[in-house]
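What the coordinates show
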Amino acid sequence: EAIKTYWNFVLNALSGRNPDAYFRSNRQDIEGIAGLLVKKYGPTSGKTVYRGIMLDPSEVKDGKIGHIEHIMFVSFTEDIRIAVAFGDTENPMAEFMMTQYPNHQGYLITTDYNPSELLFHHKWLDDANIWPVVIQAFGDHAKYMEMQKEVMLRPRASYNVVPIPPGSSGGIVVGKE
């Protein structure tokens with residue numbers, strides 16, 4: 001049952017839903033299975049990961065942003081180009097958000113993680129033979145999940161950020177051909 005709970009959390013997160021309440025209700029199972037997956041499949045050492053975000057500049061203090069209490073996990077990518085695309089205010093993916101929040105600016109989080117912080121690593125989809133389930137559930141959209149090289153980590157108290165200059169992504173759009 002814990003394994004089903006874990007993969008339900010992962011698949012909801014990968015699909016763009018924010019299953020924070022689900023995580024809170026099932027934290028022990030999710031963290032337990034993640035710990036077993038780290039032991040079985042690795043990685044055995046941390047790596048640099050990236051996250052592109054758009055924020056009101058007032059939220060950035062001395063090059064840092066604080067963690068939002070109700071967020072139970074933070075998604076990153078191993079591909080800096082993907083992160084820059086998500087944080088580029090001129091990227092086509094940002095169009096709607098920028099109409100809602102025209103003063104927001106793009107920022108890049110770059111951090112190294114320890115395997116003990118992992119809640120999900122994209123390679124586990126192959127290692128645990130879950131790709132067939134992902135393909136069945138998401139069809140052609142599964143390739144964008146693969147493209148993102150997602151890593152989910154336990155949250156930290158704060159993150160260092162640097163501005164992403166508008167237009168830096170070159171228009172890469174995750175989820176489109």
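Residues numbered from 1 in each chain as written. Predicted model: local features only at pLDDT ≥ 70, side-chain atom pairs only at ≥ 80, totals over all residues. Heavy atoms only, no water.

1. Details of the layout of surface pockets
Of the pockets and cavities examined, the largest pocket occupies roughly 1,300 Å³. If you trace the largest pocket, you find 40 residues lining it, with Asn 18, Arg 51, Gly 52, Ile 53 and Ser 75 closest to the centre. The class makeup of the residues in the lining of the largest pocket is 24 nonpolar, 11 polar and five charged. (1 Å grid on protein atoms, 1.4 Å probe; cavity = no way out; pocket = protein on both sides within 12 Å on 5 of 7 lines; lining within 4 Å. Points joined across faces, edges and corners; volume = space filled by probe spheres on them. Nonpolar A, V, L, I, M, F, W, Y, C, P; charged D, E, K, R; others polar.)

2. Notes on the pattern of salt bridges
Where charged atoms from two side chains of opposite charge approach closely, those side chains can pair. In the structure shown here, the tally under the stated rule is six salt bridges. A salt bridge links Arg 27 to Glu 31; the nearest nitrogen and oxygen atoms lie 3.1 Å apart. Here Arg 27 pairs with Glu 31, and both are found in helix α3 (residues 27-41), just four residues apart, close to one helical turn. Judged by its relative accessible area of 38%, Arg 27 is partly exposed. One network of salt bridges, with partners in common, ties together Arg 27, Glu 31 and Arg 154. (Salt bridge = Lys/Arg side-chain N within 4 Å of Asp/Glu carboxyl O. Helix = DSSP H or I, 4+ residues; strand = E, 2+ residues; numbered from the N terminus. Buried < 20%, exposed > 50% of the residue type's maximum accessible area, 1.4 Å probe, protein only.)

3. Concerning the packing of helix α1 (residues 2-14) against α3
Close contact between α1 and α3 brings their axes to 8 Å; oriented N to C, the two are set at 90°. What the angle tells us is that α1 and α3 run roughly perpendicular. Contacts between α1 and α3 involve Ala 2, Ile 3, Thr 5, Tyr 6, Trp 7 and Phe 9 on the former and, on the latter, Asp 29, Ile 30, Ile 33, Ala 34 and Leu 37. Residue composition of the contact of α1 with α3, grouped by class: nine nonpolar, one polar and one charged. (Axes fitted to C-alpha atoms, helices over the stretch in contact; angles between N-to-C directions. Parallel < 35°, antiparallel > 145°, perpendicular 65-115°, else oblique. Contact = heavy atoms within 4.5 Å.)

4. Some words on the packing of aromatic side chains
All told, the structure shown has five aromatic pairs when counted by the stated rule. An angle of 85° between the planes, with centres 5.0 Å apart, marks the rings of Phe 9 and Phe 73 as edge-to-face. In this pair, Phe 9 is assigned in helix α1 and Phe 73 in the loop between β2 (64-66) and β3 (74-77), connecting sequence segments 64 residues apart. Relative accessible area serves as the criterion here: at 0%, Phe 9 is assigned to the buried category. When its relative accessible area of 7% is taken as the criterion, Phe 73 is described as buried. Members of the aromatic cluster, joined through ring pairs, are Phe 9, Phe 23 and Phe 73. (Phe/Tyr/Trp six-rings, centres within 6.5 Å; stacked < 30°, edge-to-face > 60°.)

5. Description of α1
Here α1 is 13 residues long and its end C-alpha atoms lie 18 Å apart, about the 18 Å a rise of 1.5 Å per residue gives. When α1 is considered as a whole, its buried residues turn out to be Thr 5, Tyr 6, Trp 7, Phe 9, Val 10, Leu 11, Ala 13 and Leu 14. Once α1 finishes, Gly 16 follows within two positions and takes phi at roughly 100°, a positive value. (Expected span 1.5 Å × (residues − 1).)

6. Notes on the side chain of Thr 111
Along the chain, Thr 111 turns up in strand β4 (residues 105-112). Overall, Thr 111 belongs to the buried group, its relative accessible area being 10%. With residues near it in sequence (within four places) discarded, Thr 111 still touches Lys 47, Thr 48, Val 49, Phe 76 and Arg 156.

7. Focus: the nonpolar core
Proteins that are soluble and globular tend to have nonpolar side chains buried together. Within the largest apolar cluster, 41 residues are counted, with the highest numbers of intra-cluster contacts made by Tyr 6, Trp 7, Phe 120 and Val 134. Of all the elements, α1 adds the most residues to this core, at seven residues. Not counting the four nearest positions on each side in its chain, Val 134 is found in contact with Leu 11, Leu 125, Gly 139, Ala 142 and Met 145. Residues Tyr 50, Ala 83, Val 84 and Leu 108 belong to the second largest nonpolar core, which totals five residues. (Core = buried A, V, L, I, M, F, W, Y, C linked by side-chain atoms within 4.5 Å.)

8. Some words on the environment of Val 173
Its place among the elements puts Val 173 in the segment after β7 (158-163). According to the relative accessible area criterion, Val 173 is buried, its value standing at 18%. For the pair Val 173 and Thr 99, spaced 74 residues apart in sequence, the C-alpha to C-alpha distance is 18 Å. Discounting residues that sit within four places of it in the chain, Val 173 has contacts with Asn 91, Pro 92, Met 93 and Met 147.

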